[in-house]
Amino acid sequence: MSAVQIGFACIALLLVLLALRVPIGVSLGVSAFTGLLSLRGLDAAFALMGSTTFQFIAHWSLTAIPMFILMGAIAFHTGLTRTLFDAGKAWLGFLPGGLAIATNVSSAGFAAASGSSVAMAGAMSRLAVPEMLRARYDPGLATGVVAASGTLGAFIPPSIPFVLYAVFMEASVGQLLMAGIIPGLLTMLAYAVLIVTRVKLNPDLAPRTAQAYSNRDRWVLLLKSWPLPVIVAGVVGGLYTGTVTATEAGAFGAFVAIVAALLQGSFSWTAMQQAVSETVTSTASIFLIAIGAVLFSRMLTLSQIPMNIGVWVEDYAVALWMFLLAVTVFYIVLGMFLDPIGLMLVTLPVLAPFVIAFDIDVIWFGVLVVKFIEIGLLTPPIGLNLFVVSAGVGDKVPFGQVVRGTVWFLAAEAVVLILLMTFPTLSLLLPSLMY
């Protein structure tokens, strides 16, 4: 077999392993080792796996990931997210679908203390859905807004997918984190418009039962939510000015979360133990997938598949819009079945040569890729956020209703995706103004 044939055989092996529900990190590692063994022999395969793994894990930018996870875990387990949701209710509850909009906006705030879409969906499903159900909100709307708003965690800094993408594609972590802010806020706005429009057309979806708050009560609740705005200011401001690295920003956020919990009397060693345990488990899971993806990428490089793809693109001059359309379909279909981080890291080695051949801005493409994988979190049958929200609400809402409620938000996602593709400036404006 030629090197290219071995490479394609390993891609086929990867797809078979994934179809058999073998964990993504293991599937990538086995496929990569099989290819390296066939291309270079046993000794070289072991040597490459050892050196490649060490070089990747030793990458300083990756230290931002456990810091971001720890920051979000502390904020959740010490109850800091609750204060933000309460403030959102007080200020936005008077709007049509006010509790749903408050969930949407507070999710954007929690995104600045999390970096994980799944973690945010899990937290808000236990926090916001019961309140909306008590207010007689439509169960589909209540669960759909939580599942959809969870995707904001991948856009508003900090963002674990952006860090991994930056390391893998050798791009600036800081620029990518800043690039996600406008798309994240645009997505939040699109969700809010969708909620108001649906409730205006069908008031039964969200009865107007907003609790009365005095101006004093509103300001008190807003001031009690100070930790998350401080974390936002520290993380975003530090990254924008170049004062801190992504890792330092994450460490600052975790420190502020601990101090805030101490000041508000919600700190406990049990909460810290839960946060640290969650951080270790999540980091190990992400790194296993990432190592497998790096090894698989090295195998593809040795098989010369990326080089051949680049030559093919140059020879046939495929239009950029056709490539973007194909990538959109590619990610949406695969996103129905694969974990988002795994999906991104599995596909980047294949797509990287196209990005180079079309001279696509790597920051802009990163925003599109993260948007694609986040849409995958909402698409059945394996949309992860759907299952997280369903597990969070238990038997109160059937899984079918969760899916139907989320489908409406996929329409808003389609509009945002078209805007991001049509106007790259939405993603590139803030990165271009940095430092």
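That block above? That's the structure.
What you see is a predicted model, and the numbers here were worked out from it, not measured in a lab.

## Thoughts on the pattern of salt bridges
With the rule as written, the count across this model stands at two salt bridges. Close ionic contact of Glu131 with Lys89 constitutes a salt bridge, the shortest N to O distance being 2.9 Å. Pair noted here: Glu131 is in helix 8 (residues 129-134) and Lys89 is in helix 5 (residues 80-92), with a separation of 42 residues, a long-range link. In this pair, the class of Glu131 matches that of Lys89, namely buried. Lys371 is the partner of Glu413 in a salt bridge, and the nearest nitrogen-oxygen pair spans 2.7 Å. Taken together, the residues Glu413 in helix 22 (residues 399-422) and Lys371 in helix 20 (residues 362-376) connect sequence positions 42 residues apart. For Glu413, a relative accessible area of 1% puts it in the buried group.

## Some thoughts on the packing of helix 7 (residues 117-127) against helix 21 (residues 384-393)
One can describe the packing of helix 7 onto helix 21 by two numbers: an axis separation of 8 Å at closest approach and a directional angle of 25°. Relative to helix 21, the element helix 7 is oriented roughly parallel. Considering how the two elements wind past one another, helix 7 and helix 21 form a crossing that is right-handed. From helix 7, Ser117, Val118, Ala121, Gly122, Ser125 and Arg126 reach across to helix 21, where they touch Leu384, Asn385, Val388, Val389, Gly392 and Val393. Across the contact of helix 7 with helix 21, the residue classes tally to six nonpolar, five polar and one charged.

## Brief notes about the side chain of Thr347
Within the fold, Thr347 resides in helix 19 (residues 340-357). Of note is the side chain of Thr347, whose polar atom sits 3.1 Å from the backbone oxygen of Met344. When near neighbours in sequence (up to four residues on either side) are disregarded, Thr347 contacts Phe330, Tyr331 and Leu334.

## Regarding the nonpolar core
With 142 residues, the main nonpolar core has Ile65, Met132, Leu164, Phe323, Tyr331 and Leu345 as its most contacted residues. Top element by residues in this core is helix 16 (residues 269-303). It accounts for 12 residues. Non-local contacts of Phe323, meaning those with residues more than four positions away in its chain, are made with Leu351, Phe354, Phe358, Ile360 and Phe365.

What counts, and at which threshold
Residues numbered from 1 in each chain as written. Predicted model: local features only at pLDDT ≥ 70, side-chain atom pairs only at ≥ 80, totals over all residues. Heavy atoms only, no water. Salt bridge = Lys/Arg side-chain N within 4 Å of Asp/Glu carboxyl O. Helix = DSSP H or I, 4+ residues; strand = E, 2+ residues; numbered from the N terminus. Buried < 20%, exposed > 50% of the residue type's maximum accessible area, 1.4 Å probe, protein only. Axes fitted to C-alpha atoms, helices over the stretch in contact; angles between N-to-C directions. Parallel < 35°, antiparallel > 145°, perpendicular 65-115°, else oblique. Left-handed = near helix turned anticlockwise from the far one by under 90°. Contact = heavy atoms within 4.5 Å. Nonpolar A, V, L, I, M, F, W, Y, C, P; charged D, E, K, R; others polar. Polar contact = N/O pair within 3.5 Å; in protein donor to acceptor, adjacent residues only side chain to side chain. Core = buried A, V, L, I, M, F, W, Y, C linked by side-chain atoms within 4.5 Å.

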